[in-house]
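Fold and contact review
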Amino acid sequence: MGVVLIYAVSTLWLRGALQLVDLALAVPLVWLTVEDLRKTEIPNLATVAVAAVGVLVLATAPADQILVHGLGAAAVWAGFWAIGEAIFRWSGQEGLGQGDAKLFAAGTLLLGLAALPMLVLLASCGGIAAVLLARSRGAVDRSAIPFGPFIGYAIYILFLTG
């Protein structure tokens, strides 16, 4: 319930009112947040829904912009997949999962490649803050935390402010 409240307050604070496209984006992001926190797995269907909102938003854009967003998303997926694979081969532990790579790609499709640095920064800062807070309370007893909730919320904030 807290996750829904965070998204609702963010929407009202940044937009003043809920728009249908905000809801279409918030629902899969809330779902993937809950699932990633529970199972450390981002549902593919939630990522596809985020990408579908990106396609919907781009429906009226010029063809070259659609192509740039699509190629950017593919490049982002490949790059983050490669980073995740390198981390796994080096450490033997998953540091950046496939779901994270796909979610970054879906966010890039929606927001554009130019938003990627801010997307990574916001998601990383959120994850770091959560780990520091949890450690200060003695609550972190495992080596990994779900990154999807922070990626998802960063996508939503950038979408609302874009």
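Residues numbered from 1 in each chain as written. Predicted model: local features only at pLDDT ≥ 70, side-chain atom pairs only at ≥ 80, totals over all residues. Heavy atoms only, no water.

In this section: the overall build of the protein chain. A count of helical and extended segments in the protein chain gives seven helices and zero strands. For the protein chain, the sequential pattern of α-helices and β-strands runs α-α-α-α-α-α-α. Taking 162 residues into account, the globule formula puts the C-alpha radius of gyration at 15 Å, and the protein chain, at 16 Å, falls close to it. C-alpha extents for the protein chain along the principal axes are approximately 50 × 35 × 25 Å. Counting over 162 residues, the protein chain shows a buried share of 40%. (Helix = DSSP H or I, 4+ residues; strand = E, 2+ residues; numbered from the N terminus. Rg over C-alpha atoms; globule rule 2.2 N^0.38 Å. Buried < 20%, exposed > 50% of the residue type's maximum accessible area, 1.4 Å probe, protein only.)

Let us now look at the pattern of salt bridges. Summed over all chains, the structure comprises four salt bridges. Close ionic contact of Glu35 with Arg38 constitutes a salt bridge, the shortest N to O distance being 3.6 Å. Taken as a pair, Glu35 and Arg38 lie in helix 2 (residues 20-39) at a separation of three residues, close to a single helical turn. Among the ionic pairs, Lys39 bridges to Glu35, the shortest N-O distance being 3.0 Å. Of the two residues, Lys39 and Glu35 both sit in helix 2, four residues apart, roughly one turn of that helix. According to the relative accessible area criterion, Glu35 is buried, its value standing at 12%. What you see here is one network of salt bridges that share partners, running through Glu35, Arg38 and Lys39. (Salt bridge = Lys/Arg side-chain N within 4 Å of Asp/Glu carboxyl O.)

Glancing now at the side chain of Asp100. Here Asp100 lies in helix 5 (residues 98-111). Within the buried core, Asp100 has no salt-bridge partner, and the shortest N-O distance to an opposite charge, that of Lys102, equals 10.0 Å. Apart from residues no more than four positions distant in its own chain, Asp100 is found in contact with Ile42, Phe147, Gly148 and Ile151. (Lys, Arg positive; Asp, Glu negative; His and termini not counted. Contact = heavy atoms within 4.5 Å.)

Among the surface-exposed residues, Leu18, Leu20, Leu23 and Val27 lie close enough to one another that they form a single nonpolar patch of about 410 Å² accessible area. Mapped onto the fold, Leu18 is located in the loop between helix 1 (2-15) and helix 2. (Patch = residues over 30% accessible without salt bridge, like charges linked within 9 Å, V, L, I, M, F, W, Y side chains within 5 Å. Areas by Shrake-Rupley, 256 points an atom, 1.4 Å probe, with all protein chains shown as cover.)

On to helix 4 (residues 63-91). In this model helix 4 runs 42 Å from its N-terminal to its C-terminal C-alpha over 29 residues, within 8% of the 42 Å that 1.5 Å per residue would give. Three or more residues of helix 4 are buried, namely His69, Gly72, Ala73, Val76, Phe80 and Gly84. Against the buried residues of helix 4 lie helix 3 (44-58), helix 5 and helix 6 (116-136). The positive-phi residue at the C-terminal boundary of helix 4 is Gly92, with phi of around 80°. (Expected span 1.5 Å × (residues − 1).)

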